[in-house]
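# Commentary on secondary and tertiary structure
Residue strings, one per chain:
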Amino acid sequence: MFAPGLPYYFAMSSMTSGKAVKTFPKYRPPPRLLQHMINLGLPPSEGTILSPSSLKYQQVLKIESEDGQSSKEVTVCSTSIGLLRMEKNWDVKDDNDRLDLWVPGQTDPYAISMVKSYRAYFVLNALFALADRAVITIRFYFANVFVIFLQYIEDEWPLLVDCIEKGIIPDVEDLGHLRAPLEKHFSPNPLRAAELREIGPPGIQGWAVRVWPDLKKFIGITGGPAAASVPKVTHVLGPSVRTEALGYATSECAIAITYHKGNPNTDFKVVFVDGVIEFLDVHSDEPSERVLSAWELITGGHYEPVLTTRNGLWRYRIGDVVAVKGFDPNDGLPIINYLHRRDGSLELAFGTTCTESQLTDAIVSAANRWIGQITDFTIVGDERDIPITYGYLVEISGEIGNDARMAPQQTFEDLMAANPEYRLAFWQCRSRKPTIRLVEKGTFSEFRRQRNDKNISVIQVKVPVVLSDPTFKEWLLKRVIMEL
């Protein structure tokens, strides 16, 4: 009833949680909503935008009609890819016919979105972005993916600048039929190469503004796991570049848009465009059937969004927890902040209920004071002693702090102050102080590459705050180089 006809694509969800991937049919919205910001694969920009996009998909399903006379091919992919294909009407069957395309206002030609190699994807996006001086907006799905992008620029700096000078597409992986259309779009630019050599690779504060003098805005998720990379991002961007979040959405439904009258990095305004958003009070003793409408929420309350979508989901629980910061004075819609996941996986694994946000805040605080600049981190169960505890696996860029061994104690104190259940568990000997181990440089980039090889979108690969996958846990532990 809510979703007549056949879907435009199947969206993939739970791609980094270690659980089985779920798929949801997604339908083309009504024409009046197709250009709403929640349905745009690329954000609007006043000028050139650096926003790497991928059109990688898992498979194409062929759906036959009951009479056997007609069929439709439906792509299985991430939501970001599905939205971009739907916005541009880019069906998979015509992908090769668009290889010469270069959408005006973007740094990356269409052919780069077809690159499957993780390293080649980043190197080529860096090449075309560095060659274009006119970038006004940078947009990455997660801020820490932008940090990986910067790392590739730093590692490949001489190669990138030489290629810009000579107009050469570098020999990265086997580009096959994609090389010719890329070469068609790339010309020698010795003046730009000389300018870049004078600036040097990423490192100084405000590097991005020196490379792209017109840069005004960075768009990307800076909360959750990405929070650890925020100091690096803001250092590279400099104080003149404003930052804002993409909005708050899941693969199942867009929930809220960025609220620019508040903090554009953390404040979101609930909208009823992709579906009806209802809520469960996470602190209530009432049964979960007691669903609240937006006007029943109170400022300061903690709630789990419940989704009824245009695509056929009915009161679907997503397991997130949000806090209500207030209400928009113009229309009364809630202004929310994302807090953490609600599921009990942390409690089952560690005997306490520290939230993702508490665990993230603790390591970010310790890193800023003692360790150095974090590139990425995750948490595994540290079972080397009893009782089990949180085992942080951290990658840093640059030099380690002189007093880095103070970090575990501060992390412990922050968790004790933030969570009464953790405090009680510690005094009852059901938990112990967290541990922090450093992994070698490039570990989490390689983690993302391996996840990308499993048909996850390059731009949406994220590192979970708490890692439950035993295979990846074992792999990460082999890359530990130091314990603090």
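Right, let's walk through the structure included here. Note that the coordinates shown come from a computational prediction; the quantities given were computed from them, not determined experimentally.

Parameters at a glance
Residues numbered from 1 in each chain as written. Predicted model: local features only at pLDDT ≥ 70, side-chain atom pairs only at ≥ 80, totals over all residues. Heavy atoms only, no water. Helix = DSSP H or I, 4+ residues; strand = E, 2+ residues; numbered from the N terminus. Rg over C-alpha atoms; globule rule 2.2 N^0.38 Å. Contact = heavy atoms within 4.5 Å. Phe/Tyr/Trp six-rings, centres within 6.5 Å; stacked < 30°, edge-to-face > 60°. Buried < 20%, exposed > 50% of the residue type's maximum accessible area, 1.4 Å probe, protein only. Salt bridge = Lys/Arg side-chain N within 4 Å of Asp/Glu carboxyl O. Axes fitted to C-alpha atoms, helices over the stretch in contact; angles between N-to-C directions. Left-handed = near helix turned anticlockwise from the far one by under 90°. Nonpolar A, V, L, I, M, F, W, Y, C, P; charged D, E, K, R; others polar. Pairing = 2+ DSSP bridges. Core = buried A, V, L, I, M, F, W, Y, C linked by side-chain atoms within 4.5 Å. Polar contact = N/O pair within 3.5 Å; in protein donor to acceptor, adjacent residues only side chain to side chain.

### Describing the overall build of the chain
For the chain, the helix and strand inventory stands at 15 helices and 20 strands. Expected size for 484 residues packed as a compact globule is a radius of gyration near 23 Å; at 23 Å, the chain falls within 12% of this value. Summarising its shape, the C-alpha atoms of the chain cover approximately 65 × 65 × 45 Å along the three principal directions. Counted over contacts in the chain with a minimum sequence separation of 6, partners at least 24 positions apart contribute 65%.

### Describing the packing of aromatic side chains
With the rule as written, the count across this model stands at 25 aromatic pairs. Taking the centre distance of 6.3 Å and the plane angle of 70° together, the rings of phenylalanine 279 and tyrosine 303 count as edge-to-face. Placement of phenylalanine 279 in strand β12 (residues 275-281) and of tyrosine 303 in strand β13 (residues 302-309) is noted, with a sequence separation of 24 residues between them. When its relative accessible area of 0% is taken as the criterion, phenylalanine 279 is described as buried. Look at tyrosine 303 and you get buried, because its relative accessible area is 2%.

### Looking at the pattern of salt bridges
Considering all chains together, one arrives at 29 salt bridges under this definition. Between aspartate 382 and arginine 437 there is a salt bridge, with its nearest N and O atoms 3.6 Å apart. In this pair, aspartate 382 is assigned in strand β17 (residues 373-382) and arginine 437 in strand β19 (residues 435-439), connecting sequence segments 55 residues apart. For the pair formed by aspartate 382 and arginine 437, the shared burial category is buried. In this structure, a network of salt bridges that share partners links the residues Asp382, Arg384, Arg432, Arg437 and Glu483.

### So, the packing of helix α11 (residues 356-371) against helix α12 (residues 407-418)
In the contact formed by α11 and α12, the axes pass within 9 Å of each other and the chain directions differ by 145°. For the pair α11 and α12, the crossing hand works out as right-handed. For the pair α11 and α12, the contacting residues are Gln358, Leu359, Ala362, Ile363, Ser365, Ala366, Arg369, Trp370 and Ile371 in the first and Ala407, Gln410, Thr411, Asp414, Leu415 and Ala418 in the second. Here the contact of α11 with α12 is composed, by residue class, of nine nonpolar, four polar and two charged.

### Some remarks on the sheet that holds β17
Taking strand neighbours across the sheet as the criterion, the four strands line up as β17-β18-β19-β20 in an open arrangement whose pairing is mixed. The strands lining the two open edges of the sheet, one partner per strand, are β17 and β20 (480-483). The mean angle between the axes of side-by-side strands here comes to 30°, regardless of whether they run parallel or antiparallel. One ladder, built from four bridges, connects strand β18 (residues 389-397) with β19; its direction is parallel. When the bridges of β19 are listed, glycine 391 appears paired with threonine 435. Along the sheet face, helix α15 (residues 470-477) touches β17, β18, β19 and β20 and points at about 120° away from the line of β17.

### So, the sheet that holds strand β6 (residues 135-142)
Overall, parallel pairing links the four strands, which are arranged β3-β6-β7-β8 in an open sheet. With one partner strand each, in any of the chains shown, β3 (48-50) and β8 (242-244) form the two edges of the open sheet. With strand direction ignored, the average angle separating the axes of adjacent strands in the sheet is 20°. Where strand β7 (residues 217-221) lies against β8, three bridges are found, and the strand directions are parallel. Directly across from isoleucine 219, in β8, lies its bridge partner glutamate 244. This element, helix α4 (residues 143-155), spans β3, β6 and β7 of the sheet and lies at about 115° to β6.

### Some details on the environment of phenylalanine 279
For the pair formed by phenylalanine 279 and aspartate 414, sequence separation is 135 residues and the distance between their alpha carbons is 30 Å. Residues contacting phenylalanine 279, with those up to four places away along its chain left out, are Val270, Arg290, Val291, Leu292, Ala294, Leu297, Tyr303, Glu304, Pro305, Val306 and Val322.

### Details of the nonpolar core
One finds Leu130, Ile138, Trp207 and Trp212 to be the most contacted residues of the largest nonpolar core, which totals 68 residues. Per-element accounting of this core gives the leading share, eleven residues, to helix α3 (residues 118-131). With near-sequence residues (within four places) excluded, tryptophan 207 lies in contact with Leu130, Leu150, Ile153, Trp157, Ile199, Gly200, Pro201, Pro202, Trp212 and Val236. Listed in part, the 29 residues of the second largest apolar core include Ile374, Ile396, Val465 and Val466.

### Looking at the environment of serine 113
Its location among the elements puts serine 113 in the loop between α2 (79-88) and α3. Other than its neighbours up to four places away in sequence, serine 113 contacts Ser53, Ser54, Leu55 and Lys56. One polar contact links the side chain of serine 113 to the main-chain carbonyl oxygen of tyrosine 110, over a distance of 2.6 Å.

### Looking at unusual backbone geometry
For the bond from isoleucine 386 to proline 387, the omega torsion is 0°, close enough to zero to count as cis. Counting through the fold element by element, proline 387 comes out in the loop between β17 and β18. The phi torsion at arginine 315 lies on the positive side, around 45°, for a residue other than glycine. Its location among the elements puts arginine 315 in the loop between β13 and β14 (316-317). Phi is positive for cysteine 429, close to 60°, though the residue is something other than glycine. If you trace the backbone, cysteine 429 turns up in the loop between α13 (420-427) and β19. Overall, cysteine 429 belongs to the exposed group, its relative accessible area being 60%.

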